[in-house]
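# Observations on the three-dimensional arrangement
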Amino acid sequence: MSFAGAAWSQATTGTIYGAVPIAANETIQITGGAGFNRTITVGPSGKYSITLPVGTYTVSLLQDGKVVQSRSDVSPVAAGAVAVDFASSAGAANAQTLSAINVSANTLPPIDVTTTNQVTTITAKQLQQLPMARTAEDIAMLAPGVNMGSPELTGGPLGTPINVFGGASTAENAYYVDGMNTTEALNSQGGVSLPYGAIEQQQTFISGYDAKYGRSIGGVINQIGKSGSNEWHFGARALWQPASLRSDPVNYHYANPLEADTGYRPGDLAVYRKDDSSSETIYDAYISGPIVKDKLFFFLSAEQDDIHAGATSEFSGSGATHVTRTVHDPKFYGKLNWNINDSNTLSLTGLKNSSKTWGTFHDFDYSNLQSGAFSSLDQTYKTVFRMWAANYTSYITDNLTLNAMLGKMHGAYYSQQPAYPGFDPELPHISSASVQDPAFVPPGGIVNSQANSTIADPQHRETITNYRLSLDYKWNDHDFQVGIDNINSWDLHDGSQNSGPGYEWIYGQSDPGTPVFGVDPNVPPYVAPSTQCHDGHCYYVQKHVDLSVASVRVAQRAQYIEDNWQVTPNLLLNLGLRNDQFVNYDAAGVPYIRETKPQWAPRLGFSWDVHGNSTLKVFGNAGRYYLALPDQVALSIAAPVVNAGVYGTYTGIDPATGEPIGFTPLPQNPATGVSIDSEYGQAKDPRVSASQNIKAEYSDNYVLGLQQQFQMLGTQWVFGATGTFQKMSRIIDDYDAIQNECAAGRAQGYAWMTPQDCDQYAQSLVLINPGETSDLLMKSPDGKLVPVTFTRQDQGFTKGPERRYYSLDLSLEHAWDGKWFGKFDYVFSRTWGNDEGPVSTYSQQGGSYESLTTAWDFPERMEWSSGVLPNSRKHQFKIYGAYAITPDWTVGANLYITSGTPRLCRGGYGPNQVALHGSHTYFWCAGKPVPPGSLGFTPWVHSVGLSLDYKPGWAQHKLDFNFAVFNLLNDQTPVFYNDFFGTTRSPNADYGRIQDTRPPRSARFSVAYDF
């Protein structure tokens, strides 16, 4: 047994391995503070290896049952390995007698030569030393190539930010807690994570993870929770981030040079933010210890996070508000560890995370920048996640290990509009009041007390079951692992309907003589030009109905096999193969996507210990990674949806309710109402909802790197250089150009698919692989389905999706030596192509829009789409570390400096700036094409965090005072500019103005005591 590779199991374990002098009657004993005690035999070649739970251990070499050498403080990281070698006193290769010595693990090599991938591990101690926000996503930002996602996209399920890993989008990552996949199943945006104080380790995998991991293209956030031990521990911490020490946010101003209306001209105040405020208090406590010494242990923690914030809405002539909100986030964590016997262990993790938000609106007057009278109460939102995971390990023999994991997660989403004086729940919502006809209303328009356009189903729930089973067998120079990885997810009672009477009024503005919607009156959808025109503008209103509620589910299956083969003492090969299957079910429980044929994902990696002493490692990996569709795609694709409205003019506006007076429908096709996606509530046939030959999205990723240990300034350093290339060439997205579908049908002999009757036979929002030939099923007059071959040329695309990413990562790291640790990291990278992935930053479409973006709806949307993609950041610098000034005082730092992302302008289609397909969301601006990246980039981001920690010796270093400053330079850099141009005749006042910035400088105090 000479294998030295890491056994990942469910990424809750690590590996200790090594070599010993060959001698008679020798064994290895591993003991830990949590009662772990296992003795294993040494192989005939003097090698040993054991996989065990994450923790701190003492490794002892025994001869004739007596300890002759030992190493203490050995702490393997999850999915990593630590080499612990023993040598005879004389250095002889075949010593018969071993001398007794005891050394510290500080002498262990800093380079893990058993891993073939990129991973950043942050320990609980480092979390206390570094100035960071208390989220999994902020910890992940320490890893190379990980950046902040756009604030314009949906955040995590509990309000946390979202990350971008390498060239992938925010919806292509995975989250794990103690082996359980906790990725948000509804839309894959973020996941559920541990309370900050309960994190033992967090690993951020950038790329190159082996066959055990799947369902992600970007990266993996893997958290290991803390465990109890034979010693009793308990403590508490209080943190306070006061509003008084937070700098004023910068104001936002209008910037569109084409806008001439008073109040909206360039330089006019758009959003008053200087009186915005935010304060946060956090309390947490924990207790841990033995229930039965050496056998059963527990760890319990609780955290309460409260945020109080205030913000002012955008200027709108009148109707602006100032809102004060409270966010209440309690978290509970518990873990039991049971050493059943020397060969069997069981752990049980429980987690509950909640987030509740409520707020109050007051009128705000932009003429004097003062808040006024009470306006309304905001909806109350509450999201609760409960999760448990059981991990069982059985050491059947020294060479055969069984790992099993079963976990469940339940999510509940609840929202309610509380009553208040003046609120009338029967009123319709008024949308886009700022473009009401100024002949009837004051600037800014008229609204009413109905602030909600839709009301979510209060019974909305989600349930996820994840079970994994793996068998690990070590034989000679091989470590074979085989396993299954299955997930079932249910999205129950998901959806919403219009508030009030079941519809809303949406006001709009158009150009004279231009159809409000469409081009040809005989080809739906079409709305004639508005006749309500004056002063160069036309006005209209839409009576809109939005209704969608359904229960859907997704089944995901995977099988994998891999061999970690120690080809030579210095060369390790990781040879893996994974097979993923996905089945998505519609509201009736019928599959509309069935990817059950083998989707082979090879995973190949190597690690070359060049000198054989862990001082120079060359590594690389190549792999394919598949991505399933999340649950919520079915709500639009495979469930009845109403998303349509009747367009018309009006002769006045009710001054009390904002409703139109004298509503007269415009000529439109269909006459009963128009839907851009032909969503009129009709039942959807699952056979029609997706191409019959549709394939899953995938990416091919390649990594090559090295790590070199060297001495500098009298201490050890590790230099790293890693190159990465990612290639995504296939996605799934919806296609809406039904006239193109019917044209293909007519060309294949189906004469009844006329332009006028097309919507009777073609289904809009059909899932396809854009740019690839799709086998569609379309309706015939007798109700039967007929096959239609739909080529890339039929779709109207010149090419399919393309996303390419390359990067070079250079790093310099100094491990903690009792005095300090630090890491400097620089990444040079570029992401380019014509598709960001399942979400769209440019269209601000995340969340329920995943794989339903507007990008591939119509071929015109993809014209001039190739260029630098929105998550591309050419230069990224990260520096973090901590330095112990004295045994009592430690200073920490965290610097994040990066270049900007591409700016964009989206407008009407073509030189004439047409509102083609009812929108101005094309890669055209003022009649000129504007490919992504052609308008420059947002400014560089400079974020500096510093902390000072004091653990007084007179309190035995159990008392801890900490002061941290975030964004020390108060660099409120713009990170997103409004990119919706409109047209030159009807410019969007918001175009070009700052829409999001980095948060202002803030400070945080904390005090803790650990008993």
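Residues numbered from 1 in each chain as written. Predicted model: local features only at pLDDT ≥ 70, side-chain atom pairs only at ≥ 80, totals over all residues. Heavy atoms only, no water.

## Things to note about the overall build of the protein chain
Scanning the protein chain from terminus to terminus reveals six helices and 62 strands. For the protein chain, the C-alpha radius of gyration of 30 Å lies close to 30 Å, the compact-globule estimate for 1011 residues. Burial status across the protein chain gives 59% buried among its 1011 residues. When contacts within the protein chain are restricted to residue pairs at least 6 apart in sequence, long-range pairs at least 24 apart make up 72% of them. Split by element, the accessible area of the protein chain, about 37600 Å² in all, is 57% carbon and sulfur. (Helix = DSSP H or I, 4+ residues; strand = E, 2+ residues; numbered from the N terminus. Rg over C-alpha atoms; globule rule 2.2 N^0.38 Å. Buried < 20%, exposed > 50% of the residue type's maximum accessible area, 1.4 Å probe, protein only. Contact = heavy atoms within 4.5 Å. Areas by Shrake-Rupley, 256 points an atom, 1.4 Å probe, with all protein chains shown as cover.)

## Some points on the UniProt feature "domain: TonB-dependent transporter Oar-like beta-barrel" (unreviewed entry) in the protein chain
In the UniProt entry, the feature "domain: TonB-dependent transporter Oar-like beta-barrel" (unreviewed entry) is given for residues 328–582 and 593–902. Span residues 328–582 is 0% helix and 68% strand, its end C-alpha atoms 36 Å apart. (UniProt positions renumbered as here; feature names shortened; annotations may be inferred.)

## Let's talk about a nonpolar patch on the surface
Taken together, the side chains of Ile291, Val292, Leu336, Leu348, Trp388 and Leu406 present a nonpolar region at the surface, about 490 Å² in accessible area. Residue placement: Val292 occurs in strand β19 (residues 277–292). According to the relative accessible area criterion, Val292 is partly exposed, its value standing at 42%. (Patch = residues over 30% accessible without salt bridge, like charges linked within 9 Å, V, L, I, M, F, W, Y side chains within 5 Å. Salt bridge = Lys/Arg side-chain N within 4 Å of Asp/Glu carboxyl O.)

## Here we look at the sheet that holds strand β7 (residues 81–83)
Within the open sheet, the three strands sit side by side as β4-β1-β7. Their pairing is mixed. The open sheet is flanked by β4 (47–53) and β7, the only strands paired with a single partner. Shown here is a sheet whose adjacent strand axes are inclined to one another by a mean of 20°, direction ignored. Both strand β1 (residues 13–19) and β7 contribute to a ladder of three bridges, which runs parallel. In the strand pairing of β7, Tyr17 is matched with Ala83. (Pairing = 2+ DSSP bridges. Axes fitted to C-alpha atoms, helices over the stretch in contact; angles between N-to-C directions.)

## Description of the nonpolar core
Grouped together as the largest cluster of nonpolar side chains are 30 residues, with contacts concentrated most on Leu127, Met132, Ile139, Met180, Met387 and Met409. Counting residues per element, the ones that place at least two in this core are β24 (380–395), β25 (400–416) and β52 (875–884). For Met132, the contacting residues outside a window of four places in its chain are Leu127, Asp138, Ile139, Leu142, Tyr196, Asn894, Phe966 and Arg1004. (Core = buried A, V, L, I, M, F, W, Y, C linked by side-chain atoms within 4.5 Å.)

## Topic: the sheet that holds strand β12 (residues 174–177)
Taken in spatial order, the five strands make up an open sheet running β9-β14-β15-β12-β13, and their pairing is mixed. Both outer strands of the open sheet, β9 (118–123) and β13 (180–181), are each paired with one neighbouring strand and no more. Pairing of β12 with β13 involves two bridges; the strand directions are antiparallel. Across the sheet, Tyr176 pairs through a bridge with Asn181, a residue of β13.

## Notes on the UniProt feature "domain: TonB-dependent receptor plug" (unreviewed entry) in the protein chain
Within the UniProt annotation, "domain: TonB-dependent receptor plug" (unreviewed entry) is assigned to residues 114–220. For residues 114–220, helix accounts for 10% and strand for 26%, while the C-alpha atoms at its two ends are 19 Å apart.

## Digging into the packing of aromatic side chains
Within the structure shown, the criterion is met by 44 aromatic pairs. Aromatic rings pair up to connect Tyr254, Tyr264, Tyr272, Phe315, Phe364 and Tyr366 into one cluster. For Lys617, the ring lying beneath its charged end belongs to Phe619, and the centroid distance is 5.0 Å. (Phe/Tyr/Trp six-rings, centres within 6.5 Å; stacked < 30°, edge-to-face > 60°. Lys NZ or Arg CZ within 6 Å of the ring centre and 35° of its normal.)

## Notes on unusual backbone geometry
The amide bond that connects Pro524 to the next residue, Pro525, takes the cis arrangement and shows omega of 0°. With respect to the helices and strands, the residue Pro525 is situated in the loop between β30 (504–510) and β31 (526–527). Across the junction of Asn669 and Pro670, the peptide omega takes the value 5°, indicating a cis bond. With respect to the helices and strands, the residue Pro670 is situated in the loop between β42 (668–669) and α4 (686–689). Here Asp294, not a glycine, exhibits a phi torsion of approximately 65°, which is positive.

## As for the pairing of strand β5 (residues 57–63)
Of all the seven residues making up β5, six are buried; the element is thus mostly covered by neighbouring parts of the structure. Pairing geometry for strand β2 (residues 26–32) and β5, over seven bridges, is antiparallel. From the neighbouring strand, Thr27 faces β5, where its bridge partner is Leu62. Pairing analysis gives six bridges linking β5 to strand β6 (residues 66–74), with the strands arranged antiparallel. Looking at β6, one finds that Leu62 is bridged to Val67. Here β5 folds back onto β6 in antiparallel fashion, the turn holding two residues, of which Asp64 has a positive phi close to 55°.

## Describing helix α5 (residues 738–747)
Buried within α5 are the following residues: Ile738, Glu741, Cys742, Ala744 and Gly745. Axial view of α5: buried residues confined to an arc of 155°, hence all on one face. Close packing links the buried residues of α5 with β45 (733–735), β46 (766–768), β47 (774–779), β48 (785–790) and α6 (792–795). Of the residues one or two after α5, Gly749 is the one with positive phi, at around 100°. (Arc of directions from axis to C-beta.)

## A few points about the pairing of strand β38 (residues 642–649)
One ladder, built from seven bridges, connects strand β33 (residues 537–568) with β38; its direction is antiparallel. Looking across to β38, one finds that Leu547 is bridged to Val642. Direction of pairing for β38 relative to strand β41 (residues 664–665): antiparallel, over a ladder of two bridges. From the neighbouring strand, Gly648 faces β41, where its bridge partner is Pro665.

## Topic: the state of the cysteines
Counting across every chain of the model gives three disulfides. Paired through a disulfide, Cys742 and Cys758 show a sulfur-sulfur distance of 2.1 Å. The S-S bond linking Cys742 to Cys758 shows a torsion near 95°; that makes this disulfide right-handed. With Cys742 in helix α5 and Cys758 in the loop between α5 and β46, this pair connects stretches of sequence that are 16 residues apart. The exposure classification of Cys742 matches that of Cys758, with both residues buried. There is a disulfide in this structure between Cys905 and Cys925, and the S-S distance comes to 1.9 Å. Given an S-S torsion of about 65°, the disulfide between Cys905 and Cys925 has right-handed geometry. In this pair, Cys905 is assigned in the loop between β53 (889–898) and β54 (906–907) and Cys925 in strand β55 (residues 924–925), connecting sequence segments 20 residues apart. (Disulfide = S-S within 2.5 Å.)

## Re the environment of Ser699
Following the sequence through the fold, Ser699 ends up in strand β43 (residues 697–712). Accessibility expressed as a relative area gives 1% for Ser699, which makes it buried. Along the sequence, Ser699 and Gly623 sit 76 residues apart, while their C-alpha atoms lie 8.4 Å from each other. Ignoring sequence-local partners within four residues, the contact set of Ser699 consists of Ile217, Gly623, Arg624, Tyr625, Gln726, Lys727 and Met728. Polar contacts involving the side chain of Ser699 include one to the side chain of Asn701, which spans 2.8 Å. For Ser699, the side chain forms a polar contact with the main-chain oxygen of Lys727, separated by 3.4 Å. (Polar contact = N/O pair within 3.5 Å; in protein donor to acceptor, adjacent residues only side chain to side chain.)

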